[in-house]
Each structure stands twice: as structure tokens, then as C-alpha cells.
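# Summary of the model geometry
Listed below are the residues making up each chain.
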Amino acid sequence: MTRNEAGAPEAPWTARRTGASAVPQGPDPRQERAIRTRAEILRCAAQLFSERGYQQTGIKDVAEKVGMTKGAVYFHFPNKQSLAVAVVEALYESWPRALEAVRAKGLSPLDTVIEMFNEATSAFLNDPIMQAGTRLQNERAVIDVELPLPYVDWTNLISMLLREAQAQGQLADGADPEVAARVAVAAFFGAQHISNNLHERADFAERWREVRDLLFPALRARPRSAEQH
Ligand code: LUB
């Protein structure tokens, strides 16, 4: 049986716009609305997860925040576990898009790495999905569902960019892209964690700049001209 957005069975006269005989159509407005609703639920859930944590957030709170019935929320997310997974997945899906946007700036690979961390910094300061994803990952030991593995995608993404940097002669002699990626992600994450716990993120932009300004000059190849005398 097909169901509409509120979870109620759809009336039989509501023609489905799918099916082999359907003439090609524009986007289905109902489907678009459902996608927007899902995103809105996710955003509200993210705000609650980020403010209160997983245990202290209920589907009821999410429904209240988004201004829908619990049933309407359950139509999109069958339980709280699936909301937590969806928030973390949304976070990890955002990085390839962020990379594409940063790539469009035409920076060198090493500056692309720095810009990606700058983007992650703004996300941590402004984006509920990033704030919630970080908190949920920190609580993963007490969350009764398996979340995607943390840090792995980031480390791989940064390794890839640092290998490009190395291929273009941008890395200092002896710098290993894999090691550098692990250190950079650990330093970023550590600074994030400390700033979050001690200062509710208020000092994070500054703490990240400190890490960045200590780490990346050490990784960057010295200009040839400076070595020659
Ligand atoms: C990223 C967080 C917070 C790492 O990849 C992850 O799992 C992340 C939470 O687990 O930011 C960013 C270097």
C-alpha cells in the first residue's frame, strides 16, 4: 500500500506518477516536499542532539521542534537510532561536496587541505549537522546503533590531497602524506574536542589557526631560492 507523507494510506484515486506508461514529467512535487520535510526533521534533530546529546533527545522532542506529529516524524525515520545514523551520514556526505566547492577555487593541493579544514571549522561553529555529528560520534559507545566509523573519511580525503601536494613538489623532504594526514586530523579533532568541552567552541577558530600555523609551515617544501645560499 502506498502511503502519503503523514503515514496514512493514500486514496486509490491519487494517481501515482510513476509506472512504465507515465509520460516524462518534471519533478514530483510530493516527492520534493517529502525531501524538504525530511531535511527539516534532520536539522531539528541535529540541533537537539547537539544541545542535549542522544540520550536526552526523544522523537517527541524532535516532533515538537519541527512542529509535526510524532507519526509524521516516524514516517521519515522509524526510530531515534535511524535519526542519529542519518545525521552522521549527512555529515559525511557533505565533505565530497565541500571538496568540490573548494576545488573550484583552483588552489594548490596543500592550500586545498588548509581550506578544507577552514571549511570544517566554519561547519563546527555554524552547522547543526556538524555539531550534532561530532557529539554523536563522541557518544558512540553509549548509542545503541552502529554509526559510520568516525575520522576515516577525513583522513583518507586529506591523505589524497597531500599525495597530490607531494607529487607537485609542495611537501618538505621526508614528509609522509599518510602520517601528515593522521597528525592533521588528530590535531584538528583534538583542538575541536578541547574547545568544545572547555569553552563551548567559543575559542575554536583561534585554536584551529594555532594548529594550522604550526603544522603547515613544517609540512611545506622550502622555496628552492632560500636553500641556495
Ligand atoms: C570530523 C568529526 C568531527 C573530523 O570525521 C569525523 O568523524 C569528524 C566527528 O567525528 O569532524 C574533522 C577532522
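Described below are features of the structure shown in this document. (Residues numbered from 1 in each chain as written. Predicted model: local features only at pLDDT ≥ 70, side-chain atom pairs only at ≥ 80, totals over all residues. Heavy atoms only, no water.)

### Thoughts on the overall build of the protein chain
Tallying secondary structure elements over the protein chain gives ten helices and zero strands in all. Element order for the protein chain, N to C, with α for helix and β for strand: α-α-α-α-α-α-α-α-α-α. Across the 229 residues that make up the protein chain, the buried fraction comes to 41%. Within the protein chain, residue pairs in contact and separated by at least 24 positions form 64% of the contacts whose partners lie at least 6 positions apart. Element-wise, carbon and sulfur atoms account for 53% of the exposed surface of the protein chain, whose accessible area totals about 13100 Å². (Helix = DSSP H or I, 4+ residues; strand = E, 2+ residues; numbered from the N terminus. Buried < 20%, exposed > 50% of the residue type's maximum accessible area, 1.4 Å probe, protein only. Contact = heavy atoms within 4.5 Å. Areas by Shrake-Rupley, 256 points an atom, 1.4 Å probe, with all protein chains shown as cover.)

### Some thoughts on the pattern of salt bridges
Tallied over the full model, the rule gives 13 salt bridges. Note that lysine 105 is salt-bridged to glutamate 115, the shortest N-O span being 2.8 Å. Residue lysine 105 is located in the loop between helix 4 (80-103) and helix 5 (109-126), and its partner glutamate 115 is located in helix 5; the two are separated by ten residues in the primary sequence. For lysine 105, a relative accessible area of 46% corresponds to the partly exposed category. In this structure, a network of salt bridges that share partners links the residues Asp203, Glu206, Arg207 and Glu210. (Salt bridge = Lys/Arg side-chain N within 4 Å of Asp/Glu carboxyl O.)

### Observations regarding the packing of aromatic side chains
In this structure the tally under the stated criterion is twelve aromatic pairs. Both rings, one in tryptophan 208 and one in phenylalanine 216, keep their centres 6.4 Å apart while their planes meet at 75 degrees; by these two values the pair is edge-to-face. Following the ring pairs from residue to residue traces out a cluster consisting of Trp95, Phe117, Phe124, Trp154, Phe188, Phe204, Trp208 and Phe216. Here lysine 80 stacks its cationic end above the ring of tyrosine 54, 4.2 Å away from the centre of that ring. Over the face of the ring belonging to phenylalanine 124 we find arginine 201, whose NZ or CZ atom lies 5.4 Å from the ring centre. (Phe/Tyr/Trp six-rings, centres within 6.5 Å; stacked < 30°, edge-to-face > 60°. Lys NZ or Arg CZ within 6 Å of the ring centre and 35° of its normal.)

### Structural notes on the site of the ligand
Surrounding the ligand, one finds Tyr92, Phe117, Met130, Thr134, Gln137, Pro150, Tyr151, Trp154, Val185, Phe188 and Gln192. Tyrosine 92 places a side-chain nitrogen or oxygen 2.6 Å from an oxygen atom of the ligand. Tyrosine 151 places a main-chain nitrogen or oxygen 2.9 Å from an oxygen atom of the ligand. Expressed as a share of its isolated accessible area of 340 Å², the protein-covered part of the ligand is 100%. Going through the elements one at a time, helix 6 (128-138) and helix 8 (177-199) are the ones with two or more residues in the shell around the ligand. (Near = heavy atom within 4 Å. Polar contact = N/O pair within 3.5 Å; in protein donor to acceptor, adjacent residues only side chain to side chain.)

### What to know about helix 9 (residues 204-219)
When the terminal C-alpha atoms of helix 9 are compared, their 22 Å separation across 16 residues agrees well with the 22 Å that a helix rising 1.5 Å per residue should span. Looking only at helix 9, the buried set comprises Phe204, Trp208, Val211, Arg212, Leu215, Phe216 and Leu219. Looking at the packing, one finds that the buried side of helix 9 touches helix 5 and helix 8. (Expected span 1.5 Å × (residues − 1).)

### Focus: the packing of helix 4 against helix 6
Between helix 4 and helix 6, the shortest axis-to-axis distance is 9 Å and the interhelical angle comes to 120 degrees. Between helix 4 and helix 6, the angle is such that the two are oblique. Helix 6 is crossed by helix 4, and the crossing has left-handed handedness. Mapping the contact onto sequence places Ala84, Val87, Val88, Ala90, Leu91, Tyr92 and Trp95 in helix 4 and Ile129, Met130, Ala132, Gly133, Thr134, Leu136 and Gln137 in helix 6. (Axes fitted to C-alpha atoms, helices over the stretch in contact; angles between N-to-C directions. Parallel < 35°, antiparallel > 145°, perpendicular 65-115°, else oblique. Left-handed = near helix turned anticlockwise from the far one by under 90°.)

### What to know about the side chain of lysine 80
Following the sequence through the fold, lysine 80 ends up in helix 4. Of the buried charged residues, lysine 80 lacks a salt bridge, with aspartate 144 as the closest side chain of opposite charge at 6.7 Å. A polar contact is formed between the side chain of lysine 80 and the backbone oxygen of tyrosine 54, at a distance of 2.8 Å. Here the side chain of lysine 80 touches threonine 57 through a polar contact of 2.8 Å, landing on its backbone oxygen. (Lys, Arg positive; Asp, Glu negative; His and termini not counted.)

### Things to note about the nonpolar core
In terms of nonpolar packing, the biggest core is built from 61 residues, with Trp95 and Phe117 touching the most fellow members. Only helix 1 (29-52), helix 2 (59-66), helix 4, helix 5, helix 6, helix 7 (152-167), helix 8 and helix 9 provide two or more residues apiece to this core. With residues near it in sequence (within four places) discarded, phenylalanine 117 still touches Trp154, Ile158, Ala184, Val185, Phe188, Trp208 and Phe216. (Core = buried A, V, L, I, M, F, W, Y, C linked by side-chain atoms within 4.5 Å.)

### Section: unusual backbone geometry
A positive phi is found at glutamate 200, a non-glycine position, where the angle reads about 45 degrees. With respect to the secondary-structure elements, glutamate 200 resides in the loop between helix 8 and helix 9. Glutamate 200 gets classed as exposed once you look at its relative accessible area, which sits at 69%. In this model, arginine 201 sits at a positive phi of 80 degrees, which is unusual for a non-glycine residue. For arginine 201, the location among the structural elements is in the loop between helix 8 and helix 9.

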